[in-house]
Amino acid sequence: MSFISCFFILACLCVHNVWGAIGTSQINCAFGSNHHLGSVEEEYEGDVEIFTNIDPSDELRLEVHIFESSVTFLELIHSRGDTTATVRTTKPLDADGVLKEPPDPAEFELRGDGTIRLLRRLNYNIANLYTFTVEAKDIDDQNDTATVIINVEDFDNLNPYFDHSLYQASFPENQEGQISAVAPNAIKAQDGDTGINEPVVYSITAVDPNEVQSSFNIDPNSGVISVTTALDREETERITIQIQAAQQDDSTKTGNAVVFLAVEDENDNPPEFDKSEYTAVIPENSPNDMVVLQAKVTDLDQGGFVGTLQVIPDTVPFSISPDGSIRVKSSAELDRETTSTFTFQIEAKDSPPSNFSALATVNISLSDENDNTPVFQKSKYEGKVFINQTDGTLVVKVEATDLDEGPNGQVSYFIDFGNDEGYFAIDENTGEITLVQNISLPDNEILQFSLYVRAKDGGTVSRSSSVLVDIKAPGESHPQFFEKVYQGKVEEEQEAGAEIVKVNFLSVDPFVPVTLTVETEADKFSIDESSRMLKTKAKLDYETQKNYTVQLSITDGTNRDTAIVHVEVLDINDNSPEFAPIPSSIEIPEDAEIGDNVTSILATDADAGLNAEVRYSLEGSGGMFSVNPDTGLIIVAAALDRETQSKYNFKVVAEDQGRPVLSAEASLIITITDVNDNAPIFSKQQYEAIIWENATIGTDVIGVNATDKDEGLNAVVSYHISKQEPPSPAAAFTIDTTTGSISLAQKLDYSKAKRYTLEVEGRDGGSPSLTGSTVVMVWVQDVNDKAPEFSQDQYDVAVYENIAPGSALVSLEVTDEDEGGFSNGHFLLTSDIFSINSQGVIHLQSNASLDRETRDNYIIQVVAVDQPVDGLSSTAQINITVLDVNDNNPQFIDLENPQMIPEDQTGEVYHIQVSDADIEENGMVTLTPYSYNELFTISMEGTLTVTGNLDRETQDVYELVIVATDHGEPPRNNVTTLTIIVTDVNDNDPIFTEELYSARVLAKDVKKGDVVLTVSATDLDAGNNSLISYRFSSEPDLLDLHPDTGVITWTRDLTDIPEDTELELTVIAEDHGSPPRNSTAKVLIEIRAGSLTDDLAFENSTYHFSVKENEPVETEVGVVKAITGSQLVQVSYKLTSHSDLFSVDESGTIKTRQSLDKEEQEWYFIKVQATDSRTPPSTAMTTVVLQVEDVNEPPVFDSEKYEAEVFSIAPFRFPVVAVKATDPDVGDTEELQYSLEEFSSLLAVESSSGQVYVMDLTGMSGKVITTQVKATDRHGLFTTAELEVTVKSSGSDNIVVIALNQPVHTVQEKIRETQNSLEKVLGWNVNILSLRVESVNEMRSLLRETTAKTYISFIATDKDGTIISAKEVNEKLRSEQESVKVELENVFGPGLEVEQELEGSSGSSQQSNEAVVIALAVLLALSLVGLIVLVVVNVNKFKKMKDTDSDKESFNIGKRDMSDVFTNEVEFTETQDDQGNHNGSRKTSEVAAF
């Protein structure tokens, strides 16, 4: 064999080709590789090649390469992940078998004589080398092969060519040099004869525009184009250059290409404004951002002006936008009165890096606006009118200025008000105010006139301001005091200047000045003329003089008046209290009672009044004594104890009631004398001693000691043994009454008493004597002689099988009467599964485990030994029972899969058997379908029931997912899929493709057997139920209907038909079902005796059109056409039916007269008559079958707003109100889906029925919930309605909560029994509101709930429906606790635990916080098991029951027969009879039961 070729493809898509001999090769997945391996001999067997460098992720396989049969000789040995692979033979190699396959190249022919002949021209550029193998074979099938290699030589017959026919490049303006960036590649041309590849010479043949041709040059050797003269883009932007490549040895052989050049823009042109100077006039106070003018900027560079615009300087109140708009930047600065003209520059500056810019000047003038108010030169003007002035006298002149110009600045004056009497007038132009009427002035009075003068400018909208003009007019001066006598008071000892009293008088001061004078006591008093205040000139002394009489006078120089001031001097506190003599020391007994008198003290004060009143207090008495603040009597205030404190030294304080307070202090010492009030106290509360049981009489045991805090005989203590335990006929111990030493008085016996307890008394010498006591514990030392004893001879232990290795099972209690008990003992236990430790605790060994299903009972023996050596022992038996845990999944038994069910079958169809190796609850299994819940249910016994309507034509196979869940804690489950195949039932009629089949024939042309038309129908059923046979309702003479194909043919020729005839037949399509079903269609055949075209006739006997519903009037339906056979005959059309809905014009176009509604009528059969213009006229009829197509219309609610009321304690899923919408589209109303427009945790709506129900109304009492409810059709169109729910207060927090140690699904299944049990014990009606599990964060299905604790929330009502308070219910639950447990154990079995929650459950934040979670958990559970069936119950209203003591509400929920509503109930029920019974038991309110 000369060589073998094999081809390897790796997962990394590398290719490795090998040829030949045995060896080792590396695979290169990055680039691929080829290796020639040499050759091997024919008939070789074994390894061919070993490959290395294989990545573990690569996948290898053998592929065909050249010779298809080569891979049949080889195999690849390689395991995924190995880095090496081996190719070896599968059979001996055969060169002939491999080489005979390759065909000869198509360009050559091998003749029988061995001559190789060229069959067609060769192309060097396509193939320059041919290699193939030839075979020589003799008549004996002996053969040999040879390889033929043919080299093709090239010759010069092709022109040069460029790599691309079109090149593109760009170069910057204003620059010279080579153009380097050419796309798609650099310019290159080569000889078309690649074998010769003669060099080429490049040249430019043309340039467009022609005037820039001299600006370019091309290198003749490299083809690089250069710019020789810089260009300006603004003059020339695009250039086309035609280039040529000519063969160097033959210039006639050329190739051409085109180069498109773009001149790149350089920023070489400055920007320019359209004007050098801009002028504008705007009103002052123009608003911000108002456009003043717009400057335009241009730039000859590409893209125009690209840069920034700015105002110079930027402090002017104007800005410029990028579009050149000059705008007001600061309206506040546009004040003509401040600045009337603004001149600034605007600058246009190119973006960097260019620094080109342009400037323009802007002049903006401000026109005047009446924005200034006249301003008076003074804030207030004053004038005077004297008694001798006459009319026309100038009183005062006001003056105001206005900064505006023109009329806006002209000011006029007016008196607005204050001139009611008309005494004054003002000049409108000058502002002069004159007297126009004499004023009558009374004596000693100054009349005051307040004039408000307004200055107004002459603006179109005038502005004005006002000023006050104060005019005073004094009368004749006759000064006079208001009063003849004044009263004043002043405290003694005040510094000079103390104010006493203010005197008032009449005068015309300051117009006529007056003088005040103190005429008596002038050395002590003075008067201030400005304030008119009488003041002191020196300190006054109350003790020296208490009253003064001061005379005052007033004069204006001509007239005089006098007045008297009586001044009273007030006393101040300036004397401290003084104590009378006080004993230096006082003695009182320590048993003095609280309130006993100690002593009395007295202090006096020289002051008078409050300043002389004395109050007493104590300082430093520690609260042991108190003093009467008024009398000074000191009494005992607290119990005294000489032993605590025998002497008290404190201060007595006397304070007067003056301000400031003055006080005096005196010291008092009180000595406490002793009383026998302390009992002796032992040094220890308990003494302990140890004595051997063989000790001799008189042996000292222990000494006790007691002390007494009293003194003298009261502190002398004697000792006595008052009690001995256990007692003995003769006292076992004696005590020394003086020293307290205890000694042995009798022999001891450890077996009779191991310990003695002595009560010892200590008595003092007081009268009466007081006693103290202590306890002396005397331990008797023993000798070991008793065997240990177990607390039980037999222990019965029950443990769960899943107990962890090493867990404790039971603790054995062992006692020993010897001293130390069993403390030195040990246990013996022989077992491979259990062990016992030194404390007597039996454990499951760490390497052992229990399995109830393997072994459920163990009996072991345990030995207790009390001493390590020569110990005594005893034995106990341990019986261990292994309890079941839920450790086995349910198993399906012999499930027959698939199940065949007829589509019309309902009810029970199959029984599913399941088992569970566990026992009791753990072995009880519930089956739940988790798909197609609306069609299938599974009972507790495993019976599969069809509850919905099956339709094979809609769905013929159901993959029913069934979950088997046991009742263990936690539950275990198993899932299987049951395939249900729905078999066909003949429940569909055949359906014709057309309702009307029609044809028109010419009688003379009809031959027997000709096909008239074909009817066709289909049937949605399967099998024989879908096979259809055709027949006429009554057999016609002229026609035959094939029963299988529906082909209608003629039974004879019709040449003898004398006149036009119309055949109207009914064809029946009937299936082969049992019983069969059928449908009908009309067949209309028109037989023409004459011509089909000479007479008037419609082109079609029936037209089929369609139009969408709700289209506007004049919508075109279709066109009918009648043929006359002559162009001279005219045709007119009219409708003979439905002319109120449709019209037809002279062209035969049918249009609508009104909008159509599919929901009202879907099909119309319109008769159209055509009449021609002949005499007499001919007519023809046709039928137009029109179908109104559906247009999806949004649903419509039956009310725009729904209102309802519900109480805040309404349970989860309590029905509130049912919303209802209809869909105008045919048949779509039942497919509407209801939802809330926005998610709410308070309310929800059932998607199919529209029933709105409660989610959680916690905390919503007294509030109104407003939301939008939405109805959506199957196409996504929707409408909304407003929903308003008023949440009424429940009036009390009377929800009661109890907890049971049962899974929630167990409680749910026995909810009625639970309710009955509670009613039986409580004697009230019980309404369960909700169930919840222990952890509100666990949102899981009720059937999968693992928490073995369920909270039951309920309310209790009396027979009238009045709610019983939670406090009363809880009290009765506590008093009847055992009865409740007994009753509920009858429901749930033994071991039930009932926990009562705190009162006021509605006030519990936990319940409030958990309410939503409870509701959602129940909703999830109900949705998973698919058991929700709601019966809508509207809440009408709730009224309060009449009750004189409270506002309890009557719900009538006490009628249990009428409502069993709770959170996770599977259905709500209410019957008409229940309603009748309920209505008959009403009191004074009408309510809705829930």
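It should be emphasised that the depicted structure is a prediction, and the values quoted were computed from it without experimental measurement.

Reading the values: rules and limits
Residues numbered from 1 in each chain as written. Predicted model: local features only at pLDDT ≥ 70, side-chain atom pairs only at ≥ 80, totals over all residues. Heavy atoms only, no water. Helix = DSSP H or I, 4+ residues; strand = E, 2+ residues; numbered from the N terminus. Buried < 20%, exposed > 50% of the residue type's maximum accessible area, 1.4 Å probe, protein only. Areas by Shrake-Rupley, 256 points an atom, 1.4 Å probe, with all protein chains shown as cover. Phe/Tyr/Trp six-rings, centres within 6.5 Å; stacked < 30°, edge-to-face > 60°. Lys NZ or Arg CZ within 6 Å of the ring centre and 35° of its normal. Pairing = 2+ DSSP bridges. Core = buried A, V, L, I, M, F, W, Y, C linked by side-chain atoms within 4.5 Å. Contact = heavy atoms within 4.5 Å. pLDDT = per-residue confidence, 0-100. Salt bridge = Lys/Arg side-chain N within 4 Å of Asp/Glu carboxyl O. Axes fitted to C-alpha atoms, helices over the stretch in contact; angles between N-to-C directions.

Undergrad: What should I look at first to understand the overall build of the chain in this one?
TA: The helix and strand inventory of the chain stands at eight helices and 116 strands. Going through the 1490 residues of the chain one by one, you find that 42% of them count as buried. If you sum the accessible surface of the chain, you get close to 76800 Å²; carbon and sulfur atoms cover 46% of it.

Undergrad: Would you take a moment to explain the packing of aromatic side chains for this structure?
TA: Following the criterion strictly, the structure yields 32 aromatic pairs and no others. Ring plane angle 70° and centroid distance 6.2 Å describe the contact between phenylalanine 992 and tyrosine 997, whose orientation is recorded as edge-to-face. A single burial state applies to phenylalanine 992 and to tyrosine 997, both of which are buried. Measuring from ring centre to ring centre gives 6.5 Å for phenylalanine 1098 and tyrosine 1103, while their planes differ by 80°; the resulting arrangement is edge-to-face. You can call phenylalanine 1098 buried: its relative accessible area is 1%. Its relative accessible area of 6% is what places tyrosine 1103 among the buried residues. An aromatic cluster of three or more residues is present, and its members are Phe1098, Tyr1103, Phe1105 and Tyr1133. Sitting over the ring of tyrosine 542, lysine 546 keeps its end group 4.8 Å from the ring centre. Taking NZ or CZ as reference, lysine 1270 lies 4.8 Å from the ring centre of phenylalanine 1278, over its face.

Undergrad: How should the pairing of strand 57 (residues 647–656) be read in this particular structure?
TA: Residues in a regular strand point their side chains to alternate faces of the sheet. In this sheet, strand 57 lies alongside strand 54 (residues 614–619) in antiparallel orientation, the contact comprising six bridges. Within strand 57, the position partnered with valine 614 by the bridge is aspartate 656. Relative to strand 58 (residues 663–673), strand 57 runs antiparallel, the two sharing nine bridges. For valine 653, the partnering residue across the bridge sits in strand 58 and is glutamate 665. Counting the residues between successive antiparallel strands, the hairpin from strand 57 to strand 58 contains six residues.

Undergrad: Can you walk me through the nonpolar core in this structure?
TA: Inside soluble globular proteins, nonpolar side chains tend to come together where they are buried. With 28 residues, the main nonpolar core has Phe992, Val1015, Leu1039, Ile1048, Trp1050, Val1083 and Ile1087 as its most contacted residues. When contributions to this core are tallied by element, the ones reaching two or more residues are strand 87 (996–1002), strand 88 (1011–1014), strand 90 (1028–1032), strand 91 (1039–1041), strand 92 (1047–1050), strand 93 (1061–1071) and strand 94 (1078–1088). When residues no more than four places from it in sequence are discounted, the contact partners of isoleucine 1087 are Val1001, Ala1003, Leu1038, Trp1050, Leu1054, Ile1057, Glu1059, Asp1060, Thr1061 and Leu1063. One finds Val797, Val810, Phe822 and Ile842 within the second-largest nonpolar core, a separate group that totals 26 residues.

Undergrad: What is the right way to read the confidence of the model for the chain from this model?
TA: The predicted coordinates ought not to be read in detail in places where the model reports low pLDDT. Per-residue pLDDT for the chain averages 82, and the proportion of residues at 70 or more is 86%. Taken element by element, the predicted model of the chain shows its lowest mean pLDDT in strand 1 (residues 5–9) (35) and its highest in strand 101 (residues 1149–1152) (95). In the model, residues 1–21 has pLDDT below 50 throughout and makes 93 contacts with residues more than four positions away in sequence or in other chains.

Undergrad: Just to check I follow, could you spell out the pattern of salt bridges for this structure?
TA: Between side chains of opposite charge, a pair can form as their charged atoms come close. Taken as a whole and judged by the stated rule, the model has 36 salt bridges. We note a salt bridge from arginine 560 to glutamate 519, for which the minimum N-O separation is 2.3 Å. Residue arginine 560 is located in strand 49 (residues 560–570), and its partner glutamate 519 is located in the loop between strand 45 (515–518) and strand 46 (525–528); the two are separated by 41 residues in the primary sequence. Take glutamate 519: its relative accessible area is 33%, and that puts it in the partly exposed class.

Undergrad: Please clarify how the sheet that holds strand 79 (residues 907–911) should be interpreted in this entry.
TA: Sheets are built from strands paired through backbone hydrogen bonds, the pairs being either parallel or antiparallel. With antiparallel pairing, the three strands of this open sheet are ordered in space as 79-83-82. In this open sheet, the two strands that pair with only one neighbour each are strand 79 and strand 82 (936–938). Adjacent strand axes in the sheet meet at a mean angle of 30° when their direction is disregarded. Relative to strand 83 (residues 943–946), strand 82 runs antiparallel, the two sharing three bridges. Pairing of isoleucine 938 across the sheet is with leucine 944, part of strand 83.

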